[in-house]
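Given next are the chains, with one letter for each unit.
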Amino acid sequence: MSDVRFVAIGDSFTEGVGDDLPDGRVRGWADIAAQGWADAAGHTIQYANLAVRGKLAWAIVEEQLEPALALNPTHLSFNGGGNDMLRPRTDLEHIADTFSRVLRRCDEQGVTLILLSGANPAGQLPMGSMIQRRGDELSAAVLRRIANRPDVVRALNWPDRELARSPYWSEDRLHMNAAGHHRVAARVLDALGYEPPAEWWAPSAKSVGGVVGLAYYREHVGPWVRRRLTRTSSGDGRAAKYPSWVERAPH
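This write-up is about the structure you can find in this document. Computed from a predicted model, the values in this text were never measured in an experiment.

## Focus: the packing of aromatic side chains
Scanning the model with the defined rule gives five aromatic pairs in all. Relative to tryptophan 37, the ring of phenylalanine 6 lies with its centre 5.5 Å away and its plane at 50°, an arrangement referred to as tilted. Of this pair, phenylalanine 6 sits in strand β1 (residues 5-9) while tryptophan 37 sits in helix α2 (residues 29-41), and the two are 31 residues apart along the sequence. As far as the burial class goes, phenylalanine 6 and tryptophan 37 line up, both buried. Considering the side-chain rings of phenylalanine 13 and tryptophan 29, the 5.9 Å spacing of their centres and the 40° angle between planes classify their relative orientation as tilted. Taken together, the positions of phenylalanine 13 in helix α1 (residues 12-15) and tryptophan 29 in helix α2 put the pair 16 residues apart, joining distant regions of the chain.

## Notes on the side chain of glutamine 64
Within the fold, glutamine 64 resides in helix α3 (residues 57-70). Of the residues examined, glutamine 64 reaches a relative accessible area of 4% and is grouped as buried. Only 2.8 Å separates the side chain of glutamine 64 from the backbone nitrogen of glycine 10, close enough to count as a polar contact. Contacts of glutamine 64, omitting those with residues within four sequence positions, involve Ile9, Gly10, Leu50, Ala51, Val52, Lys55 and Ala59.

## Comments concerning the pattern of salt bridges
Where side chains of opposite charge bring their charged atoms close, a pairing between them can arise. Per the counting criterion, the structure on display carries 19 salt bridges. One salt bridge in this structure joins glutamate 63 and lysine 55, with 3.0 Å as the shortest N-O distance. For the salt bridge of aspartate 107 with arginine 149, the shortest nitrogen-to-oxygen distance reads 2.8 Å. Here aspartate 107, found in helix α4 (residues 92-109), pairs with arginine 149, found in the loop between α5 (128-145) and β5 (153-156); they are 42 residues apart in sequence, far enough to count as distant.

The rules behind these values
Residues numbered from 1 in each chain as written. Predicted model: local features only at pLDDT ≥ 70, side-chain atom pairs only at ≥ 80, totals over all residues. Heavy atoms only, no water. Phe/Tyr/Trp six-rings, centres within 6.5 Å; stacked < 30°, edge-to-face > 60°. Helix = DSSP H or I, 4+ residues; strand = E, 2+ residues; numbered from the N terminus. Buried < 20%, exposed > 50% of the residue type's maximum accessible area, 1.4 Å probe, protein only. Polar contact = N/O pair within 3.5 Å; in protein donor to acceptor, adjacent residues only side chain to side chain. Contact = heavy atoms within 4.5 Å. Salt bridge = Lys/Arg side-chain N within 4 Å of Asp/Glu carboxyl O.

Structure, rendered in structure tokens:
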């Protein structure tokens, strides 16, 4: 793999929300995996990231897939549906169809698909049992669509009980922190056939803590509800952080 061009599409999970850098930018598993890929392979790779927080699954496909394929990548990663499954009336089979669309277009372009499932926040969120059930259903629906495709690179995080623990999550309990993003990056590298740094699997993670009780609802749940009522998104007006290729050289 001397000519790797890796593009990531998705929502906040892939953009890297929760893994905040001191300068206010977000990093995330895709950034970490891109650098780890270059390090493990021993050569420079090209990397792009078109993910934007708050996007629903079909919006990701409609807005990001074709621009990503226009970059002529060798590998494309896709995750979506996390924002959709928080809406009780969403048809999860319809959401799973996005994975079929992405796979079909990757096949047509000769691109290797890296498919991820999101990490599981259900244990620490309001309505956790509903989120658990819908996440299980969405995961099963997606897996049915790739059951006969061993060529799809799979980095499945939803079943990871360790990753579901609070030390891997940020204050809002919905997005992973740096420890969580490193664990996901480790799984991606492992799925690609490389051995990630051992500390990525279980970095020194401590519970973030943060606000609890009514303060948590006021600071984190309230804004989410307001966006639903006003039909706005946390990603409105945001551009992709790496819409064209950037180089990642081995360290």
